[in-house]
Amino acid sequence: MIKIAKLSTLLFASVLAACGGGGGDPGQSDLKYTITLRAEKTQLPVNIGGYPAGLGVYAPFTTTLYVEAREGGKPIPDGEEDIFACRVDQGLNSGSLYYLDGDEEHEDEDGNPLAYSAITLGANSGGARFHFHAAEQAGVARIICTVTNPVSTQRESASVNITVGASTGMAASIAGVAAYPVLGTQGNTSNLRVSTAIDAYVLDDANQPLPAPTNANLQVSIRPVGDAATGARLVAGAQSGNSLQVKTIGGVGLFALSSGPNVGPILLEMVADRSDNDVTNGIQMPITALLVVQATDRVAPTLEPLEITTTSVDAEPTNGVPFSFVLEAEGGLPPYTWSALSSLPAGLSLSSSGVISGTPNMREPGDVSFAVRVVDSAGNVDQANFTMTISGSAIVDPLTINLSGCGSDINTACPLAGATAGQSYLYALTASGGPATGVVTWAGTALPGWLTLSAQGILVGTAPAAPGGCGNNDFFVTATKGTLSTTRKVRITVAGAGCP
């Protein structure tokens, strides 16, 4: 996450003490000033990883802005350090300004560039440049630059909008965070708290908070797994019980969990509906996450040995059926952190809170052995081996040609990268899904004469010259893997110099 390390305190209104006129004595011209501002890129990706500002192809989250001022049609004269005053007028959460000029005044003690909400710049032949760097919040940032005529004191401004990321508004992930991941049981003798607030972060495909919903868009329930679930309850406003529905605010749903009388893990299930962001009318496309809160009855004066108390995975997962199972431990100093020491059955994973979950999809059902490890907050470690039996036939995902801009009709052409008249063309087709083993082979039907398709999915050729070769080239491609095949209609548009 980018931090606003420093705010410029320079004034925007009177940054020019004296600027000369176009060709005349300095400060004597009263010709009208004009100003322009443009950005190399007006759309940047969301900087979820918090990558630093920089220049070049490996700095995709940064764009350069160019500001220029003219006096009577000619570049304003140089001579003042602070000619331009520029600031982020709106969307500060989506990014900030940088100099990136190598000046130590604009860097921290480690040489990293500092972020600003406002900067001032001198003119070089009437212009200057600076930079905008995206943050982790999607939105539109508006940048304004101002120049002041020193004679007339008239200020002129220009602005540009930069879009950071794009929110889809459809739930893609949920992350639950408990203020207190370990609770005491009701009536515990160590005076441990028996309830905790929990935030559930519901994010879309761009890792952005969901928009404010009309109805409740998050369903939370206590799964009846283990003794600790008995007597535990959820609370949100007037709702109380084993299940409730809440509305997120800024993508966050808030509720509370109270423990019951028994020790062990309390497993919470959080569900959002990707189809319409509403769980009150049924859930058509569930997005699910699990959260474990541990319940204990005492804090021992001396730590008891950490021990995995689950002796076996007594449930039998079935291929293609969602599955979850909670591993349990006791002793040591909670909370515990779990990890897998070997591969679990295909489609299943172990969370750090000790939940084995997922949808198994093993090509050859049967027994799978794996090892797990648990570490407590004091660094104590225990390990255990388990065997899980997977039943049912493996589920084969549909074979899909990876294309964008396609409709549901197979005869609606999916656009491929365009070709330039008279120049070579190269494009690699890809597909996903299908059987777990084997390779995808490709074939084409009704290809234009200038194009060939290899069995590996490589389209290659030289587009015909303009104007005769200009326009759309529609044809069909077929991907085959094992016994599955799929076909789509695609289109390559030839354009360029000489084309209408």
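Small disclaimer: the values here were computed from a predicted structure and weren't measured.

Turning our attention to the packing of aromatic side chains. Enumeration according to the criterion identifies four aromatic pairs in this entry. On the numbers, 6.1 Å between centres and 35 degrees between planes, the contact of Phe370 with Phe386 is tilted. Note that Phe370 is positioned in strand β27 (residues 366-375) and Phe386 in strand β28 (residues 381-390), a separation of 16 residues in sequence. Grouping residues by exposure puts Phe370 and Phe386 together as buried. Both rings, one in Tyr425 and one in Trp450, keep their centres 6.1 Å apart while their planes meet at 85 degrees; by these two values the pair is edge-to-face. One end of the pair, Tyr425, is in strand β32 (residues 424-428); the other, Trp450, is in the loop between β34 (441-445) and β35 (451-453), and 25 residues separate them in sequence.

A word on a negative patch on the surface. On the surface, Asp101, Asp103, Glu104 and Glu105 cluster together to form a negatively charged patch. Structurally, the position occupied by Asp101 is in the loop between β6 (95-98) and β7 (118-121).

Before going further, it helps to spend a moment on the confidence of the model for the protein. Taken over all residues, the pLDDT of the protein has a mean of 85, while the share at 70 or more is 91%. Considering only residues more than four positions removed or in separate chains, one finds that residues 1-28, a stretch of pLDDT under 50, has 71 contacts.

In this section: the side chain of Thr185. Residue placement: Thr185 occurs in the loop between β12 (182-184) and β13 (195-204). When its relative accessible area of 3% is taken as the criterion, Thr185 is described as buried. The contact partners of Thr185, leaving out residues within four places of it in the chain, are Val194, Ser259, Gly260, Pro261, Asn262, Val263, Ala295, Thr296 and Asp297.

What follows concerns the environment of Tyr58. The topology assignment puts Tyr58 in the loop between β2 (43-44) and β3 (62-71). Classification of Tyr58 by relative accessible area gives exposed; the value is 79%. For Tyr58 and Thr214, which are 156 residues apart along the polypeptide, the C-alpha to C-alpha distance reads 41 Å.

Next up on the list: a nonpolar patch on the surface. Residues Leu426, Ile458 and Val460 make up a contiguous nonpolar surface patch of about 260 Å² in total accessible area. With respect to the element layout, Val460 can be found in strand β36 (residues 458-462). Overall, the relative accessible area of 38% leaves Val460 in the partly exposed class.

Among the structural elements, Gly165 can be located in the loop between β10 (155-164) and β11 (171-178). Since its relative accessible area comes to 13%, Gly165 is described here as buried. Separated by 28 residues in the primary sequence, Gly165 and Gln137 have C-alpha atoms spaced 7.8 Å apart. The residues contacting Gly165, other than those within four sequence positions of it, are Gln43, Leu44, Pro45, Val46 and Ala138.

So, about the pattern of salt bridges. For the coordinates displayed, the defined rule picks out six salt bridges. Put simply, Glu269 and Arg223 hold a salt bridge, and the shortest N to O gap is 2.7 Å. Residue Glu269 is found in strand β19 (residues 264-273), and its partner Arg223 is found in the loop between β14 (218-222) and β15 (233-236); the two are separated by 46 residues along the sequence. The shortest N-O distance in the salt bridge between Arg491 and Asp474 comes to 2.7 Å. One end of the pair, Arg491, is in strand β38 (residues 484-495); the other, Asp474, is in strand β37 (residues 471-481), and 17 residues separate them in sequence. It is possible to trace a salt-bridge network through shared partners that takes in Arg87, Asp89 and Arg142.

Glycine aside, a negative phi is what most residues show, and trans is what most peptide bonds show. Residue Pro335 is reached from Pro334 by a cis peptide bond, and omega for that bond is 0 degrees. For Pro335, the location among the structural elements is in the loop between β23 (329-330) and β24 (337-340). In the segment running from Ala466 into Pro467, the intervening peptide bond is cis, with an omega of -5 degrees. With a phi close to 55 degrees, Ser125 is a non-glycine residue in the positive phi region. Topologically, Ser125 is positioned in the loop between β7 and β8 (127-134). Looking at Ser125, the relative accessible area reads 52%, which means it is exposed.

Evaluation of the coordinates by the stated rule reveals two disulfides. Disulfide partner of Cys86: Cys145, at an S-S distance of 2.0 Å. Residues Cys86 and Cys145 are joined by a disulfide whose S-S torsion is about 115 degrees; by sign, that bridge is right-handed. Taken together, the residues Cys86 in strand β5 (residues 84-90) and Cys145 in strand β9 (residues 139-148) connect sequence positions 59 residues apart. Per residue, the accessibility class of Cys86 equals that of Cys145, and both read buried.

What follows covers the sheet that holds β15. Strand order in the open sheet formed by five strands is β11-β13-β18-β15-β16, and the pairing between neighbours is antiparallel. The sheet is open, and its two edges are formed by β11 and β16 (239-241), each paired on a single side. Pairwise comparison of adjacent strand axes, ignoring direction, gives a mean angle of 25 degrees for this sheet. By the bridge criterion, seven bridges tie β13 to strand β18 (residues 252-258) in an arrangement that is antiparallel. In the sheet register, Asp199 faces β18, and the bridge partner there is Leu254.

As a further point, take the pairing of strand β26 (residues 355-358). Pairing between strand β22 (residues 323-326) and β26: four bridges, direction antiparallel. Its bridge partner lying in β26, Phe325 is registered against Ile356. Two strands pair when backbone bridges link them, and strand β25 (residues 348-350) and β26 are joined in this way by three bridges, in the antiparallel orientation. If you follow Leu350 over to β26, its bridge partner there is Ile356. Count of turn residues in the β25/β26 antiparallel hairpin: four residues, of which Gly354 carries a positive phi of about 95 degrees.

Reading the values: the criteria
Residues numbered from 1 in each chain as written. Predicted model: local features only at pLDDT ≥ 70, side-chain atom pairs only at ≥ 80, totals over all residues. Heavy atoms only, no water. Phe/Tyr/Trp six-rings, centres within 6.5 Å; stacked < 30°, edge-to-face > 60°. Helix = DSSP H or I, 4+ residues; strand = E, 2+ residues; numbered from the N terminus. Buried < 20%, exposed > 50% of the residue type's maximum accessible area, 1.4 Å probe, protein only. Patch = residues over 30% accessible without salt bridge, like charges linked within 9 Å, V, L, I, M, F, W, Y side chains within 5 Å. Areas by Shrake-Rupley, 256 points an atom, 1.4 Å probe, with all protein chains shown as cover. Salt bridge = Lys/Arg side-chain N within 4 Å of Asp/Glu carboxyl O. Lys, Arg positive; Asp, Glu negative; His and termini not counted. Charge placed at Lys NZ, Arg CZ, Asp CG, Glu CD. pLDDT = per-residue confidence, 0-100. Contact = heavy atoms within 4.5 Å. Disulfide = S-S within 2.5 Å. Pairing = 2+ DSSP bridges. Axes fitted to C-alpha atoms, helices over the stretch in contact; angles between N-to-C directions.

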